[in-house]
Amino acid sequence: MATNRKGGVSPLARIQSRYEGTRKKCPECGFVDEAGNWESRTNGGKIVYRHTCPSCDAEREHTFSILG
């Protein structure tokens, strides 16, 4: 997990940890994806977390702006 200059955990690492620990129950079909995880990507200005249900292909996405 990434740390910041002050020795603590960075805000992005805390968000990533939250999504990794989030139960991945699909709101569309109810399938619980125990083996899956949230995917993340960034373009430097925002970070996007996405989970795709392996049962029905429904997608959930959360986007956060990165303030510099």
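All figures in this text were calculated on a predicted structure; none of them were measured in a lab.

Rules used in this analysis
Residues numbered from 1 in each chain as written. Predicted model: local features only at pLDDT ≥ 70, side-chain atom pairs only at ≥ 80, totals over all residues. Heavy atoms only, no water. Helix = DSSP H or I, 4+ residues; strand = E, 2+ residues; numbered from the N terminus. Contact = heavy atoms within 4.5 Å. Salt bridge = Lys/Arg side-chain N within 4 Å of Asp/Glu carboxyl O. Buried < 20%, exposed > 50% of the residue type's maximum accessible area, 1.4 Å probe, protein only.

1. Quick notes on the side chain of Lys 24
No. 1: For Lys 24, the position within the fold is in the loop between α1 (11-21) and β1 (39-42).
No. 2: In contact with Lys 24, other than residues within four places in its own chain, are Phe 31, Val 32, Asp 33, Gly 36, Asn 37, Trp 38, His 51 and Arg 60.

2. Things to note about the pattern of salt bridges
No. 1: All told, the structure shown has two salt bridges when counted by the stated rule.
No. 2: Between Arg 50 and Glu 59 there is a salt bridge, and its shortest N-O distance comes to 3.4 Å.
No. 3: A relative accessible area of 23% means that Arg 50 is categorised as partly exposed.
No. 4: Close ionic contact of Glu 61 with Arg 50 constitutes a salt bridge, the shortest N to O distance being 2.2 Å. Of this pair, Glu 61 sits in strand β3 (residues 59-65) while Arg 50 sits in strand β2 (residues 46-52); the two residues are eleven residues apart in sequence, bridging distant segments of the chain.
No. 5: By relative accessible area, which is 40% here, Glu 61 ends up partly exposed.

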